[in-house]
Amino acid sequence: MFQTVDHFLASWDYEADATQRILNHLTDESLKQEITSQNWTLGRIAWHSVAAIRIIASNTNLTFEAPVEDWPVPDSASFIANSYQQASDAFVKAVKTQWSDSTLAEEIDFLGRKIPNGSLLLFLILHQSHHRGQLTVLMRQAGLSVPGIYGPSKEEWANFGMEAPKM
């Protein structure tokens, strides 16, 4: 649980940047990549990651403009990436201007449970991280390079003057 707005914003800054880097690597064609026809496509997961900011935050009193529907999926990867940036920026501005540290302790109803706003913010970050993992697997299947998030990706080891770990 986050107890200060500044602590949350510092964490969000890194995590949102990581999500943005993933979304910036997508192509229009890659949005159709799927594991099976019974699972979400890469595009569906990417667009859900955009809309989830507002969907999850709608459980609070924060007000800001961002997509609230994660269906239908846009067919433009750049539109998805740009929409994420706009949603994230609007969300950050709302947290900075509408909440204080004491707001993070206020409880809300979320998925049938009472939780503090600070826990909802943690949930939002973890939710993003969960979907980034799904996105990176589908990106590999689509033949895209994957940017490193918590360390170098396969393609990035050379940038550090190191050999990639053995397969």
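Owing to the predicted nature of the structure, the values given are computational and were not obtained by experimental measurement. (Residues numbered from 1 in each chain as written. Predicted model: local features only at pLDDT ≥ 70, side-chain atom pairs only at ≥ 80, totals over all residues. Heavy atoms only, no water.)

## Quick notes on helix α2 (residues 42-57)
Stated formally: Labels follow the DSSP assignment, with helices taken as runs of H or I lasting at least four residues and strands as runs of E lasting at least two, numbered in each case from the N terminus. What a helix should span is 1.5 Å times the count of its residues minus one. To get the bend at any residue, fit one axis to the seven residues that end at it and another to the seven that begin at it, then take the angle between the two axes. Exposed residues in this analysis have more than 50% of their type's maximum accessible area, buried residues have under 20%, and partly exposed residues fall in between, with area computed by a 1.4 Å probe over protein chains only.
Compared with the 22 Å implied by 1.5 Å per residue over 16 residues, the 23 Å span of α2 between its first and last C-alpha is a close match. Remark: the principal bend of α2, roughly 40 degrees, maps to Ala51. Most of α2 sits out of view: 15 of its 16 residues are buried.

## Considering the pattern of salt bridges
Put simply, the rule is: The salt bridge criterion pairs a side-chain nitrogen of Lys or Arg with a carboxyl oxygen of Asp or Glu, the two atoms within 4 Å.
Scanning the model with the defined rule gives seven salt bridges in all. Measuring nitrogen to oxygen at the nearest pair gives 2.5 Å for the salt bridge that ties Arg140 to Glu155. With Arg140 in helix α4 (residues 117-141) and Glu155 in the segment after α4, this pair connects stretches of sequence that are 15 residues apart. Residue Arg140 is classed as partly exposed on the basis of its relative accessible area, which comes to 36%. The class of Glu155 is partly exposed, set by a relative accessible area of 36%.

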